[in-house]
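Chains, contacts and geometry: an overview
Spelled out, the chains give:
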Amino acid sequence: MRLDVVTIFPEYLEPLNVSLVGKARARGQLGVHIHDLRHWTYDRHNTVDDTPYGGGPGMVMKTEPWGEALDQVLADGYESGASGPVLVVPTPSGRPFTQELAVELSERPWLVFTPARYEGIDRRVVDEYATRIPVFEVSIGDYVLAGGEAAVLVITEAVARLLPGVLGNAESHRDDSFAPGEMANLLEGPVYTKPPRWRGRGIPEVLLSGHHGRIARWRRDEAFRRTTLNRPDLIERCDPEVFDRHDRAILAELGWRELPDGRFGRPGRAVEE
Ligand code: ADE
């Protein structure tokens, strides 16, 4: 996979040299190209922003540097044999970044990121490139960052670990919280390692039993507990078909009841949309 990032803070992307993404680069599984947007400015102050039409606070990133930068980044990528680029535009107004979207992006051969500062990029830039290549406007959460660079790091890490051969164990993402599949989408429960006692705290007996069936069941029960506590919306959204008899028993214990439409809810609590 090839990644290009155009930014006014190239040093913000340094973490892409470290850990999982850094190793994937070193192994040649990922080619990362960071570009300084100011390279495509021609005035003394390397201006990349201007005041918004219609007034209002803040500044808007200008069309010309972005247009020239993206034209050249795309041309250079094609020249070196890359194909099938998609533009990934981090913005709090984008569609939510989910594991499903991470999987979708991991199947693309070439991602071009345009992290913005200030109030965002002049709309015409996205409109222009959307006529040429697929564009994904993506938000990493319901909060506003000072810029899109941190979102690029988040998206890149979630995508890179899905690339074939990047994680040691091919099965490691099968059990991820939010892994797409026919299973219920539950949060992963707690995990433990040696020593068996720490500050007077032991580990759940079942994990020492060597009984794989009981261990899997315990893990699923814990996943229901954690999900009930932190993300009850995931249980409300579940297709009840995926719940077996034991799931239904643990859900009942946690206060869930089957609703007339077959889904699960907890009496006395509003169902979140
Ligand atoms: N830029 C600023 N806030 C953002 C967010 N929540 N997600 C993606 N990009 C952003």
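Per chain, residue numbering runs from 1 following the sequence as it is written. Whole-chain, interface and lining totals are the exception, using all residues; otherwise, since this is a predicted model, local features are given only for residues with pLDDT of at least 70 and side-chain atom pairs are given and counted only at 80 or more. Think of the side-chain values as coming from all heavy atoms in the structure, minus any hydrogens and water.

Considerations on the overall build of the protein
Note on conventions: DSSP H or I runs of at least 4 residues are helices, E runs of at least 2 residues are strands, and numbering of each starts at the N terminus. Summing up its helical and strand segments, the protein has eight helices and nine strands in all. Working definition: with a 1.4 Å probe on protein chains only, accessible area under 20% of the residue-type maximum means buried, over 50% means exposed, and in between means partly exposed. By the burial criterion, 42% of the 273 residues in the protein qualify as buried. Partitioning the intrachain contacts of the protein with sequence separation of at least 6 by distance along the chain shows that 72% fall at a separation of at least 24. A total accessible area of about 16,000 Å² is found for the protein, and carbon and sulfur atoms account for 51% of it. We treat Lys and Arg as the positive residues and Asp and Glu as the negative residues; His and chain ends play no part in the count. By convention, the point assigned to a charge is CZ for Arg, NZ for Lys, CD for Glu and CG for Asp. The protein carries 33 positive and 42 negative side-chain charges, and their two centres are separated by 9 Å. For this analysis, residues touch if any pair of their heavy atoms sits within 4.5 Å. Areas reported as accessible are Shrake-Rupley estimates using a 1.4 Å probe. Residue values count occlusion only from the protein chains shown.

Topic: the pairing of strand β1 (residues 2-7)
Burial of β1 is extensive: six of the six residues sit out of reach of the surface. Burial of β1 is two-sided: the residues R2, D4 and V6 facing one way and the residues L3, V5 and T7 facing the other way are all buried. Pairs of strands are assigned from DSSP output, requiring at least two bridges between the strands. Here six bridges tie β1 to strand β2 (residues 31-36), and the two strands are oriented parallel to one another. Paired with L3 across the bridge in β2 is V32. Convention used here: a crossover is right-handed provided that the path from the first strand, over the helix, to the second strand proceeds clockwise when the strands point away from the viewer. Crossover β1 to β2 through helix α1 (residues 19-26) is right-handed. The sheet contact formed by β1 and strand β6 (residues 110-113) spans four bridges and is parallel. By the bridge assignment, V5 is partnered in β6 with F113.

Observations regarding the site of the ligand
Here a residue counts as near a molecule or strand whenever at least one of its heavy atoms sits within 4 Å of it. Looking at the ligand, the residues that line it are P90, T91, P92, V138, S139, I140, G141, Y143, V144, L145, G147 and A151. A distance of 3.2 Å separates a nitrogen atom of the ligand from a polar atom in the backbone of T91. Polar contacts, as counted here, are pairs of nitrogen or oxygen atoms within 3.5 Å of one another; within protein the pair requires one atom able to donate a hydrogen and one able to accept it, and residues that are adjacent in sequence qualify only if both atoms are side-chain atoms. Separating a nitrogen atom of the ligand from a backbone N or O atom of I140 is a distance of 3.0 Å. For the ligand, the protein covers 96% of the area, taking 260 Å² as the surface of the free molecule. At the level of secondary structure, the elements contributing two or more residues to the shell around the ligand comprise β5 (85-96) and β7 (135-139). In this classification, the charged set is Asp, Glu, Lys and Arg, the nonpolar set is Ala, Val, Leu, Ile, Met, Phe, Trp, Tyr, Cys and Pro, and all remaining amino acids, among them Gly, are polar. Considered class by class, the residues forming the shell around the ligand number eight nonpolar, four polar and no charged.

Description of the nonpolar core
Grouping buried Ala, Val, Leu, Ile, Met, Phe, Trp, Tyr and Cys residues that are joined through side-chain atoms within 4.5 Å yields what is termed a nonpolar core. Judged by nonpolar contacts, the single largest core of 27 residues is most densely connected at L30, V88, F97, L105, L111, F113 and I155. Element by element, the count of residues in this core is highest for helix α5 (residues 149-160), at six residues. Those residues in contact with V88, other than ones at most four positions away along the chain, are L105, L111, V112, F113, T114, F136, V138 and I155. Of all hydrophobic cores here, the second largest spans 22 residues; its members include V48, L70, V89 and V125.

Examining the sheet that holds β5
Judged by pairing direction, the sheet is parallel, and its five strands sit side by side in the order β2-β1-β6-β5-β7 without closing on themselves. Of all the strands in the sheet, just β2 and β7 have a single pairing partner and so form its edges. Geometrically, the sheet is characterised by an average inter-axis angle of 25° between neighbouring strands, direction not taken into account. For helices, the axis comes from a line fit to the C-alpha atoms of the stretch in contact; other axes are also lines fit to C-alpha atoms, and the angle between any two N-to-C directions lies between 0 and 180 degrees. Here α5 sits on the sheet and contacts β1, β5, β6 and β7; the angle it forms with β6, its principal contact strand, is near 165°.

Section: the pairing of β5
Pairing analysis gives four bridges linking β5 to β6, with the strands arranged parallel. In the strand pairing of β6, V86 is matched with L111. In terms of strand pairing, β5 meets β7 through six bridges, oriented parallel. By the bridge assignment, V89 is partnered in β7 with E137.

Some points on the packing of aromatic side chains
Side-chain rings of Phe, Tyr and Trp, where Trp is taken by its six-membered ring, are said to pair if the distance between their centres is within 6.5 Å; with planes under 30 degrees apart they count as stacked, over 60 as edge-to-face, and otherwise as tilted. Following the criterion strictly, the structure yields three aromatic pairs and no others. Relative to W110, the ring of Y78 has its centre 5.2 Å away and its plane inclined at 85°; by these criteria the two rings are edge-to-face. Of this pair, Y78 sits in helix α2 (residues 63-79) while W110 sits in strand β6, and the two are 32 residues apart along the sequence. A residue is classified by how much of its surface remains accessible, and Y78, at 43% relative accessible area, is partly exposed. You can call W110 buried: its relative accessible area is 0%.

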